[in-house]
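The residues making up each chain are set out below.
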Amino acid sequence: MSERHGLARRTPIQAVERLLDIGPNTVHVGDDLIDVARRAFARPQTRILCVLDEEQRLIGLLPVLRIVEEVVARVAPEELMADITSLEAAGRFGREIAARTAADLMLPPRALRPDDTVGDAFAAMREERLSGLPVVDEESRVTGYVDLLELALQYLEELERTPSA
Amino acid sequence: MGLDVWIAAALFALTYAAIASERLHKTVAALAGGVLMVALGILDQEEAFAAIDLNVIFLLLGMMVIANVTRRTGVFQWVAIRAVRLAGADPWRILVALSVITAIASAFLDNVTTVVLVGPITLYIAAALRVSPIPYLISEILASNIGGTATLIGDPPNILIGSAAGIDFATFAANMAPVAVVILVVYLVAARFLFRGEIRHQRTNRSVPMLDESGVITDPRLMRISIVVMIGTIAGFLAAGPLGWESATVALLGAATLFIVAREDPAEVLREVEWSTLLFFAGLFMLVEGVIHVGIIAALGDGLFQATGGDASITAIALLWVSGIASGIIDNIPYTATLIPIVEQLGVRGLDLEPLWWSLAIGASLGGNGTIIGASANVVIANLAQRAGHPITFVAFLRYGVSTLLLSLVIATAYVWLRYLL
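Residues numbered from 1 in each chain as written. Chains lettered and ligands numbered in written order. Predicted model: local features only at pLDDT ≥ 70, side-chain atom pairs only at ≥ 80, totals over all residues.

### A look at the overall build of chain A
Part 1 of the reasoning: A tally of regular secondary structure across chain A gives 8 helices and 5 strands.
Part 2 of the reasoning: Helices and strands appear in chain A in the N-to-C order α-β-α-β-β-α-α-α-α-α-β-β-α.
Part 3 of the reasoning: The C-alpha extent of chain A, read off along each of the three principal axes, is 50 × 35 × 25 Å.
Part 4 of the reasoning: Relative to its full complement of 165 residues, chain A shows a buried share of 35%.
Part 5 of the reasoning: Contacts spanning at least 24 positions in sequence make up 60% of the contacts within chain A whose residues lie at least 6 apart. (Helix = DSSP H or I, 4+ residues; strand = E, 2+ residues; numbered from the N terminus. Buried ≥ 20, exposed ≤ 12 C-beta atoms within 10 Å, placed from the backbone. Contact = placed C-beta atoms within 7 Å.)

### Describing helix α19 (residues 353–367) of chain B
Part 1 of the reasoning: Helix length check: α19(B), at 15 residues, gives a terminal C-alpha distance of 21 Å against a target of 21 Å (1.5 Å per residue), a fit within 8%.
Part 2 of the reasoning: Of all 15 residues in α19(B), 13 are buried; the element is thus mostly enclosed. (Expected span 1.5 Å × (residues − 1).)

### Points about the environment of B:E264
Part 1 of the reasoning: Its location among the elements puts B:E264 in the loop between α13 (247–262) and α14 (266–271).
Part 2 of the reasoning: For B:E264 and B:L222, which are 42 residues apart along the polypeptide, the C-alpha to C-alpha distance reads 9.1 Å.

### Notes on the sheet that holds strand β3 (residues 58–63) of chain A
All names here are of chain A.
Part 1 of the reasoning: One open sheet holds the 3 strands; their spatial order is β1-β2-β3, and the pairing between them is mixed. On the outer flanks of this sheet lie β1 (26–28) and β3, each paired with one strand and no other. Mean inter-strand twist for the sheet, computed between neighbouring axes without regard to direction, equals 35 degrees.
Part 2 of the reasoning: Here strand β2 (residues 48–52) pairs with β3 via 5 bridges, running antiparallel. The partner of C50 across the bridge, within β3, is L61. (Pairing = 2+ DSSP bridges. Axes fitted to C-alpha atoms, helices over the stretch in contact; angles between N-to-C directions.)

### Examining the packing of helix α12 (residues 220–243) of chain B against α13(B)
Residue and element names in this part refer to chain B.
Part 1 of the reasoning: Where α12 contacts α13, the two axes come as close as 9 Å, and the packing angle between them is 160 degrees. With respect to each other, α12 and α13 are oriented roughly antiparallel. For the element pair α12 and α13, the recorded crossing hand is right-handed. For the pair formed by α12 and α13, the contact residues are L222, I225, S226, V229, G232, T233, G236, F237 and A240 on the first element and S247, V250, A251, L253, G254, T257, L258, V261 and A262 on the second.
Part 2 of the reasoning: Here the residues of the contact of α12 with α13 are counted per class, giving 11 nonpolar, 7 polar and no charged. (Parallel < 35°, antiparallel > 145°, perpendicular 65-115°, else oblique. Left-handed = near helix turned anticlockwise from the far one by under 90°. Nonpolar A, V, L, I, M, F, W, Y, C, P; charged D, E, K, R; others polar.)

### A closer look at the pairing of strand β4 (residues 132–136) of chain A
Residue and element names in this part refer to chain A.
Part 1 of the reasoning: Within β4, 5 of the 5 residues are buried, which leaves the element mostly enclosed by the surrounding structure.
Part 2 of the reasoning: Residues G132, P134 and V136 line one face of β4 and the alternating positions L133 and V135 line the opposite face, and both faces are buried.
Part 3 of the reasoning: Two strands pair when backbone bridges link them, and β4 and strand β5 (residues 142–147) are joined in this way by 5 bridges, in the antiparallel orientation. Directly across from P134, in β5, lies its bridge partner Y145.

### A short note on the interface of chain B and chain A
Part 1 of the reasoning: Taken together, the contacts link 23 residues of chain B with 18 residues of chain A.
Part 2 of the reasoning: It is helix α7 (residues 111–129) of chain B that provides the largest number of residues to the side of chain B that touches chain A, a total of 8 residues.
Part 3 of the reasoning: A per-class count over the side of chain B that touches chain A returns 12 nonpolar, 7 polar and 4 charged.

### What about the confidence of the model for chain B?
Part 1 of the reasoning: Residues at a pLDDT of 70 or more form 97% of chain B, whose mean pLDDT is 89.
Part 2 of the reasoning: Interface confidence for the predicted complex, expressed as ipTM, amounts to 0.71; the pTM equals 0.82. (pLDDT = per-residue confidence, 0-100.)

### Re the packing of helix α6 (residues 91–108) of chain B against α7(B)
Residues and elements named next belong to chain B.
Part 1 of the reasoning: The contact between α6 and α7 brings their axes to 9 Å, and the two run at 170 degrees. Accordingly, the angle class assigned to the pair α6 and α7 is roughly antiparallel. For the pair α6 and α7, contact is made by I94, L98, I101, T102, A105 and S106 and by T114, L117, V118, T122 and I125, respectively.
Part 2 of the reasoning: Tallied by class, residues from the contact of α6 with α7 come to 7 nonpolar, 4 polar and no charged.

### Topic: the pairing of β2(A)
Residue and element names in this part refer to chain A.
Part 1 of the reasoning: For β2, the tally of buried residues reaches 5 of 5 residues, placing the bulk of the element in the interior.
Part 2 of the reasoning: The side-chain alternation of β2 yields two buried faces, one formed by I48, C50 and L52 and the other by L49 and V51.
Part 3 of the reasoning: Here 3 bridges tie β1 to β2, and the two strands are oriented parallel to one another. From the neighbouring strand, V27 faces β2, where its bridge partner is V51.

### Notes on helix α8 (residues 134–148) of chain B
Part 1 of the reasoning: End to end, α8(B) covers 21 Å across 15 residues, agreeing with the expected 21 Å (1.5 Å per residue, within 8%).
Part 2 of the reasoning: For α8(B), the buried fraction is high: 14 of the 15 residues fall into the buried class.

Take a look at the structure:
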């Protein structure tokens, strides 16, 4: 992160990517969730895993928090049951404890294009309530990753450096 | 017939159609129908608002507050885990344990609380055994409607009937609980055959990992307070008749006590109240008042009286079966709201009201078992199943629902006949 470039809401993602250190972490749709959890644990900075099909195309997203809850549900389900006070929470718990593979737990795919802007990235992540999003090419193959906190900190540093930016 | 009769009938029919077709949210449909009765001059606002039975609204509100606070403590899940531990790993015994817990909970709690109580443990067990949770969830729906029949607060139709007929909690339980218990026992015996295929198929070598029920208690102090308030509220319901209190007074007293003693944030607790349900009732009361006001209900009562020849036995049994079948097809809340004034009309013509009230209450509550859309418990559990990735289809439910409904109505017919008509 030593290199400094102008960073504004209209800056394209392809120009920002090289400023970011956190890279994509990918798993396959049929991977066992415990293996997926180990992959997530090995690279804790990437908080959203990309789920790929056989042709390496992005078909889903897997927030690490969901994987954590699934693993906790296997070892201490009471801890999650204690938090269930709504129908929605009960349904989510049911889905998590029955999940066995990445496909069972993944969210629908959402990604940025290289020509999307920093503003688009902030908007997309806020809308989807995700802390990061992959960047994909025309064939939905993952080429990069944008972490919300890392991007926001970079943006903040840029603002502090050049208040008019 | 005057124009007002046609307008009221059309509004009533359109509102029912909107509720049944789900083209509009039922609360929106009922409120719109009710307020249009005023806007189109069938009722004036004072008449419409006076028709809203505040005893029903505040009884529901008070019980929702008590249940919302109590379910945060984890005590309901504690009970469910204890019951399942007693059942061991045998799928059949688990089904019975979950069904009995659901039936008891449904007699005292609202549907969402009951589902939050039994839903997670059901899904957990099914996942641990690597089997489908659907048979268990269907059995819980059926048990919920049977259990809800037992008390005044068990099912919305009962609340409506109890309030309209001035029947207190103790009298309601003394008349309804015996038949509900008999039906539940017979249902559990029949369930062995109903779910035979699924349960036999589910026998596996897997066992349910032992759950630690103490892990679900989030706030022991609040739990103790909630349990005391809940027991006190039920005791209050039992004493309400002799004390001359309405049920809503008891429920609001319980809710107010809980707020004061537990010091929970009222804004947070009230956010979880099912306001849409309360407004649905308000709209229905206004809508039905409109058709009463123009004389449609009196005419229907007269027609029913003529059709049964004024025979109390035929009327009571017909009311039981028609209510049972109709409530499986249409929402049992608007159905009951409409039938209450019709039954009152039969009373005006000299029929003994007691067997009619019980027939309506039993039929409307049990009728919910007919289809997956027959009662709010069905919809809530089906919603949970859908969210958890195990949708229960209309057709899949029908086989179990219709069998259980017919069995229940036969038992209920014998009960009403022996207890009230002989």
